[in-house]
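Structure at a glance
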Amino acid sequence: MRTARRISQIVFFLFFIFLFLITRYPYEHGITTEIFLRFSPLSPVFMFIKDLKINLLFLPALIILFFTVFFGRFFCGWICPLGTLLDISGKIVKSPLNRISEKWQKLRYLKFALLIGLLILALFSVHIWGYFDPLSIFNRALTIVFYPLATLFAEKALLALSNVSFLEDPAYWLYDQFKYAIMPENQAHYQQLFWIALFIFLILIAEKLSRRFWCRYLCPAGALLSFLSQFRFYERIVGEQCPACNKCQIECKMNAIPQDDVGYTNKVECIECFNCGATCPPKYNAITYRWRWTPYRTSVDYSRRRFLGTSVASITALGLLGVGIKNKEAINQQVRPPGSLTEEDFKDKCIRCMECVRICASNGACLQPSGIQSSIADLWLPIAEMRTGYCEYNCNQCGQVCPTEAILPLTLAQKKKTPMGLAYFDKNLCIPFARNEDCIVCEEHCPTSEKAIKFDIRDFTDPKTGQTRKVKYPYVIKELCIGCGICVYKCPLEGKPAIFVTIENQKRPTSSDILKS
Amino acid sequence: MKRRQFIRSISLGTAGISLLPVLGNKLLYGSGQFPQAVWVENGEPEQLLKRALQEFGGLKRFIKKGDVVVIKPNIGWDRPPELAANTNPHLVAALVKACKEAGAKKVKIFDRTCNNPQRCYRNSQIQKWAEKAGAKVEHIRPNRFKKITIDGNIVKEWLIYRDYLEADKVINVPIAKHHSLSLVTLGLKNLMGVMGDNRGLIHNNFAEKLTDIDRKILPTLTIIDAYRILTANGPVGGNPKDVKLTKTLILSDCTVSADNLALSLFGLKLEDVPHIKMAYEKGLAKYDPGKLTVRRVTLG
Ligand code: SF4
Ligand code: SF4
Ligand code: SF4
């Protein structure tokens, strides 16, 4: 069973990474790559609170929830890619024995507190659970940290090799393969890299304190599954012949076997890694796993007193999220992906998984994880940064990969008619206005079929030389501009661009808009 | 290094020898047999090209056996061929075949695109058809630009794509389009696709800067694709109404002359278009505009 579990972990892990890799232009393989984010057990619950209906979009998660009642936290042990990553990390940093990590045991309630806290916030319609969703964390780290890091090294190395004369051809051959299979787009660079890297680093390095530290003490998805597995029917049964050598107890990833009672399993903690069965010495072979219609119950490590504490903490968090200043200037710059729901709904539904950011990197590459701009909950929402990229006119792919439909899947025709914002010139910087010389690079690139940037041709007489020349002075037509930002991206000024996009004129559909008609 | 030089000197030698048949041709048909430019109209891209090359004395006049040829089409935009923002893919493919038949060892195609390169290469359909025809279609690699001395009136040096510089022969294949800044984009402007750095900076004082750089990188041949031309909202276009089916092709070994000829498609005159006018003034043209010999053919 342990071998089966390991294979399952590897298969799911590689499968998720494969899905990640093919989340890119042209996206015509017909596979909905975001499906793996819909494995997250938390999503159907929180989406239910948001929409008050069961969303079949999250069918994979619903199936997992259903089977958890009978089989327990198999998701954590067999499927979750973050869990697998933690196991790898644990091997590298050498997690201590359960005997030593026992001292953290009292923190078990934290994951329940976190889950309940997030639920309370959600009931007050503040949805920030996405920050702690394990699959979202995994995809976020992969998109922003691991993948760019890997491609950076790979590309640098291959290009360096290609400079060595006799290696030029094989190196370029390898480079072509790399470009074909791994990174057809340009090297990605992301803001917020430091914080997202720190977040995942802390989770991974916590393996130094105990095995699966995150899963044992913090993970809200684990907590939800714990609630459901209190009565699990599939049980670990220890036979009479057991001499209590405690080998299984030592090997237990979750420390779910009490030191003084190896016959018992903490069903709420057990993730069915089957390490116990595999370590039980063959001469005893005391452990069997069996289905029983009259299961015993393990109760959740969470008292009423703790619930009060959690409530107070969540109300405080609620307040903190509310009292921040509303920075109008910052809000005006928060250009969202085309087809994003209205800002309130968008904030609630977006789980900060970075799937849209990932696919955008192979298109216009404008989407970035946002920093804290006007409220803490702005953090890591996708934002279109037009100086580092632009929204590609013929692209609608972010909407197609958003797992929660925080960005609606617009058709290309709809997307082209859904402005993200409106461009304004900064005439103090714009070359024709500032220096009375031609430029209009913005106009050249403006993709709308009737250009949203037009220009006046006016005579300019140079006071020094007395010579008169014709200069093209550009301006934006509000009705035509879709806020794609390629004008900002291509503006040849070195630093601050002379044109910028604001959210004015943006079109944000509401959930109820049946855009798919 | 040594080996390279050796090969180079050999190919110089063979170049000398292979000039003979050309001279022979000239003797045979009398000099001035070949026009300085060809204008063919009323045919499909492949037919236009075939006839134009025929009238011009065949590609063999320019391409030697074993040459590495770079074809530089316009692949700048994420637009399908019907919208006339990129060079016609079938023309490019036919040209690849012609180069191969003329003895080219390798035909390379690339362009520094304005939209996402994957999208442009794909949706222009140039990647597909040119690869089928046997070309190596590559994305621009950022480490392959080389700073070259320009010493122009304004531009002193600029980054140019190495594969372009190292090619034995270069064929520039622009599509004829409207452009707000330069009025038209043709052969001279199409060469911006091999320039590195911040190209937007070329836009102010455009005529002077463009001709400064172009002077150093003029191609062997220029073939203007005017099968479909874009008459407004260029160079991106997007509205089928702005596309005109003109079924024309212009070929010359002088970029400036080819560009000058193409102006009539847009109802423009040389005086209207500063960058082409300046190209003449700065001596980029091989032929005098007044005395240019053009063979005009209408296919039927
Ligand atoms: S539609 Fe725009 S924002 Fe969305 S992925 Fe494509 S380029 Fe990026
Ligand atoms: S908007 Fe982007 S980051 Fe948010 S849930 Fe959708 S795909 Fe994930
Ligand atoms: S944002 Fe700029 S490029 Fe895009 S439509 Fe508006 S004016 Fe044109």
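In this text, all values refer to a predicted model and were calculated from it rather than measured experimentally.

Describing the overall build of chain A
- Looking only at helices and strands, chain A features 23 helices and eight strands.
- Dimensions of chain A, computed from the C-alpha atoms along their principal axes, are close to 105 × 65 × 40 Å.
- When each of the 517 residues of chain A is scored for burial, the buried share is 56%.
- For chain A, restricting intrachain contacts to residue pairs at least 6 apart in sequence, the fraction spanning at least 24 positions comes to 77%.
- Surface exposure of chain A reaches about 22,900 Å², of which carbon and sulfur atoms provide 65%.
- Computing the positive centroid from 60 side-chain charges and the negative centroid from 43, chain A places the two 8 Å apart.

Examining helix H9 (residues 168-181) of chain A
Residues and elements named next belong to chain A.
- Helix length check: H9 (14 residues) gives 20 Å between terminal C-alpha atoms against 20 Å at 1.5 Å per residue, within 8%.
- Looking at H9, one finds that the buried residues are Ala171, Tyr172, Tyr175, Phe178 and Lys179. End-on view of H9: buried residues confined to an arc of 115°, all on one side of the axis. Exposed positions of H9 whose direction lies more than 90 degrees from the buried face are Asp169, Trp173 and Tyr180.
- Against helix H8 (134-162) lie the buried residues of H9.

Describing the nonpolar core
- Of all hydrophobic cores here, the largest spans 135 residues; its most connected members are A:Phe75 and A:Leu82.
- Broken down by element, this core gets its largest block of residues, 10 residues, from H8(A).
- With near-sequence residues (within four places) excluded, A:Phe75 lies in contact with A:Phe39, A:Pro41, A:Ile64, A:Cys80, A:Leu135 and A:Leu225.
- The next biggest cluster of nonpolar side chains, apart from the first, holds 91 residues, and it includes B:Val69, B:Ala133, B:Val184 and B:Met195.

Remarks on the confidence of the model for chain B
- Averaged over chain B, the pLDDT score is 90; the fraction of residues at 70 or greater is 89%.
- Reported for the predicted complex are a pTM of 0.91 and an ipTM of 0.89.

Some thoughts on the domain arrangement of chain B
- Annotation of chain B at the domain level lists domain 1 (1-29) and domain 2 (34-298).
- Put simply, the middle of domain 1 of chain B and the middle of domain 2 of chain B, counted by C-alpha atoms, are 26 Å apart.

Details of the side chain of B:Ser124
Residue and element names in this part refer to chain B.
- Note on placement: Ser124 falls in the loop between helix H4 (117-123) and helix H5 (126-132).
- Overall, Ser124 belongs to the buried group, its relative accessible area being 1%.
- Excluding residues that lie within four positions of it along the chain, Ser124 makes contacts with Ile75, Arg79, Pro81, Asn86, Pro89 and Arg119.

Regarding the interface of chain A and chain B
- On the chain B side, the residues contacting the 42 residues of chain A number 32 residues.
- The contact between chain A and chain B buries some 2,900 Å² in all, and 40% of this surface belongs to carbon and sulfur atoms.
- For chain A, the biggest contributors to the area lost against chain B are A:Tyr25, A:Glu444 and A:Ser449; these three give 22% of the whole.
- Remark: the boundary between chain A and chain B carries four salt bridges.
- One salt bridge connects A:Asp176 with B:Arg141, and the closest N-O pair in it is separated by 2.4 Å.

Rules and cut-offs
- Chains are numbered independently. Their residues run from 1 in the order of the written sequence.
- As they are written, the chains are lettered A onward and the ligands numbered 1 onward, keeping that order.
- In view of the model being predicted, local features appear only for residues whose pLDDT reaches at least 70, and side-chain atom pairs are presented and counted only at 80 or more, with totals across whole chains, interfaces and linings using the full set of residues.
- With hydrogens and water set aside, each side-chain value is computed from the structure's full complement of heavy atoms.
- Strands here are runs of E lasting at least two residues and helices are runs of H or I lasting at least four, both read from the DSSP assignment and numbered beginning at the N terminus.
- Between buried and exposed lies partly exposed: a residue is buried under 20% and exposed over 50% of the maximum accessible area for its type, with that area taken using a 1.4 Å probe on protein chains only.
- In what follows, residue pairs with any heavy atoms lying within 4.5 Å of each other are defined as contacts.
- Per-residue accessibility takes into account occlusion by the displayed protein chains alone, with areas from the Shrake-Rupley method and a 1.4 Å probe.
- As used throughout, the charge tally considers Lys and Arg to be positive and Asp and Glu to be negative, leaving His and the chain termini uncounted.
- Charged groups are reduced to one reference atom each: NZ for lysine, CZ for arginine, CG for aspartic acid, CD for glutamic acid.
- Multiplying 1.5 Å by the helix residue count minus one yields the expected span of that helix.
- By construction, the arc corresponds to the directions joining the helix axis to the C-beta atoms.
- By convention a nonpolar core is built from buried Ala, Val, Leu, Ile, Met, Phe, Trp, Tyr and Cys residues, the set being connected through side-chain atoms within 4.5 Å.
- How sure the predictor is of each residue is captured by pLDDT, a score from 0 to 100.
- Note that domain bounds follow an automatic or database assignment of domains.
- The term buried area means the drop in 1.4 Å probe accessible area that two parts suffer when joined, counted for both and summed.
- Only one rule defines a salt bridge in this text: a Lys or Arg side-chain nitrogen within 4 Å of an Asp or Glu carboxyl oxygen.

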